[in-house]
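# Remarks on the overall topology
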Amino acid sequence: MNLLKRLIPFLIPILLLTGCVRTIYVPHGTPVRLRETVEDVKVWVKDANGEPVAGRMDLYEGWFALPVDDKDETRPGAR
């Protein structure tokens, strides 16, 4: 119990500071620009016949990312 009383002054600030995160709301449909390279991302690409194929690639810093509508034909079963 004595140990707990000594730890409380350290635990309370840690618990309170974990909630201090800056969040920015991005409306749906708004493109965002990648701030750092993201490696080995799972993506859908089209083959020579236009059929979607699962693949992996690196997304580089400075590229723009956009949301996909449900009607997009690059995802299997989204037609």
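For the structure itself, look to the data block above.
Computed from a predicted model, the values in this text were never measured in an experiment. (Residues numbered from 1 in each chain as written. Predicted model: local features only at pLDDT ≥ 70, side-chain atom pairs only at ≥ 80, totals over all residues. Heavy atoms only, no water.)

## Structural notes on unusual backbone geometry
- Phi at Asp 40 takes a positive value of approximately 55°, unusual for a residue other than glycine.
- Looking at where Asp 40 falls in the secondary structure, it is placed in strand 2 (residues 38-46).
- For Asp 40, a relative accessible area of 46% translates into the label partly exposed. (Helix = DSSP H or I, 4+ residues; strand = E, 2+ residues; numbered from the N terminus. Buried < 20%, exposed > 50% of the residue type's maximum accessible area, 1.4 Å probe, protein only.)

## Re the pairing of strand 2
- The pairing of strand 2 with strand 3 (residues 52-59) spans 7 bridges and is antiparallel. When the sheet's bridge partners are listed, Lys 42 is paired in strand 3 with Arg 56. (Pairing = 2+ DSSP bridges.)

## Quick notes on the pattern of salt bridges
- Inspection of every chain in the model, using the stated rule, returns 1 salt bridge.
- Arg 56 is paired through a salt bridge with Asp 40; the nearest N and O atoms lie 3.3 Å apart. Note that Arg 56 is positioned in strand 3 and Asp 40 in strand 2, a separation of 16 residues in sequence. (Salt bridge = Lys/Arg side-chain N within 4 Å of Asp/Glu carboxyl O.)

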